[in-house]
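# Observations on the model geometry
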Amino acid sequence: MMYNAIINPKELFKEAVRTVYPRKCPGCRDVILPDMLVCESCAAEFKLVEPPFCLKCGRHVEDEETELCDECASKDHRYSMGFSAFVYDGIMRRAMSDLKYSSAAENADYFAEIAAKTCGERVKMFNPDIIIPVPIHPSRRAERGYNQAQLISDRLSAALDIPSVNDLLIRRKKTAALKRLDAAGRAENLKQAFECDLKRYPREEISVRFGRVLLIDDIYTTGATMECCTEALLDAGVHEVAVLSVAIGYNY
Ligand SMILES: [Zn+2]
Ligand SMILES: [Zn+2]
């Protein structure tokens, strides 16, 4: 096949990709313009977490005097603060599930843009040295083609100009689907799931270069996953961890 000399083959390829895989709205899955991240009517449907925020997890709390939500008041977490962009409700559940199970990787663009807008200022105040995604097991990553938390952390890294490190925190063993386990089962299952790759990054290096870490996950429910990752990071020489979730659930 011969290309017309005037057409840049790279642009031609990009155009072909856009034609075959047009950008879709994360809410309704309708085709949207390539420079849009969400359609107008869905933009109004996605619910953002409104201030004031729980200092620990980023949920909405009743008033400025309330520092912690009920969930965080009843539990001890080792991360020092948390931020979250969206309420994990109907439309968000579907959009997140599409990102995780239906190859809608483009949804990460919208999630990260809103997370940077709504949480960026608070993240800057925490002043992290690096951003780290919660890892998924390599076999799950192979099935899915990507780690959804890493798609988001890569985009946040670019938006907030904070380097991301994807090979420090690693997943040790495959965990059962969390949905099927009760709270005790989840905790037991997760306890041993994460560790830091100390062969790649010696403890002294971690302590000097990665003292303050912002940990990224897609969904925050009980905080159990964030807590296990935080423990692995602190055990490896990190000084302080803050957590950012794209969406946060209520009543868990
Ligand atoms: Zn839409
Ligand atoms: Zn909280």
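Presented here is an overview of the structure given in this document.

### Things to note about the overall build of the chain
The secondary structure content of the chain amounts to ten helices and six strands. Its C-alpha atoms give the chain a radius of gyration of 19 Å, near enough to 18 Å, the size a compact globule of 252 residues would have. In terms of its C-alpha atoms, the chain occupies a principal-axis envelope of roughly 65 × 45 × 35 Å. Each of the 252 residues in the chain was classed as buried or not, and the buried ones make up 35%. Taking the intrachain contacts of the chain between residues at least 6 apart in sequence as the baseline, contacts between residues at least 24 apart amount to 71%.

### Digging into the environment of V61
Checked against the element boundaries, V61 lands in the loop between α2 (40–45) and α3 (70–73). Judged by C-beta crowding, with 20 C-beta atoms within 10 Å, V61 ranks as buried. Spatially, the C-alpha atom of V61 lies 9.7 Å from that of V49, the residues being twelve residues apart in sequence. For V61, the contacting residues outside a window of four places in its chain are P52, F53, C54, T66 and C69.

### Thoughts on unusual backbone geometry
Residue P52 is reached from P51 by a cis peptide bond, and omega for that bond is 0°. With respect to the secondary-structure elements, P52 resides in the loop between α2 and α3. One non-glycine residue, R29, lies in positive phi territory at about 70°. Relative to the helices and strands, R29 is located in the loop between α1 (9–20) and α2. The exposure class assigned to R29 is partly exposed, which follows from the 16 C-beta atoms found within 10 Å. We note that N127 has phi near 60°; this positive angle belongs to a residue other than glycine. Summarising the element assignment, N127 is placed in the loop between α5 (107–126) and β2 (130–133).

### Observations regarding the environment of S139
Take S139: it is sitting in helix α6 (residues 138–144). Since 10 C-beta atoms lie within 10 Å of it, S139 is described here as exposed. Separated by 29 residues in sequence, S139 and Y110 place their C-alpha atoms 26 Å apart.

### Observations concerning the environment of V213
In this fold, V213 is placed in strand β5 (residues 212–220). Judged by local crowding, V213 falls into the buried class, with 27 C-beta atoms found within 10 Å. Separated by 25 residues in sequence, V213 and V238 have C-alpha atoms that sit 7.3 Å apart.

Conventions adopted
- Residues numbered from 1 in each chain as written.
- Chains lettered and ligands numbered in written order.
- Predicted model: local features only at pLDDT ≥ 70, side-chain atom pairs only at ≥ 80, totals over all residues.
- Helix = DSSP H or I, 4+ residues; strand = E, 2+ residues; numbered from the N terminus.
- Rg over C-alpha atoms; globule rule 2.2 N^0.38 Å.
- Buried ≥ 20, exposed ≤ 12 C-beta atoms within 10 Å, placed from the backbone.
- Contact = placed C-beta atoms within 7 Å.

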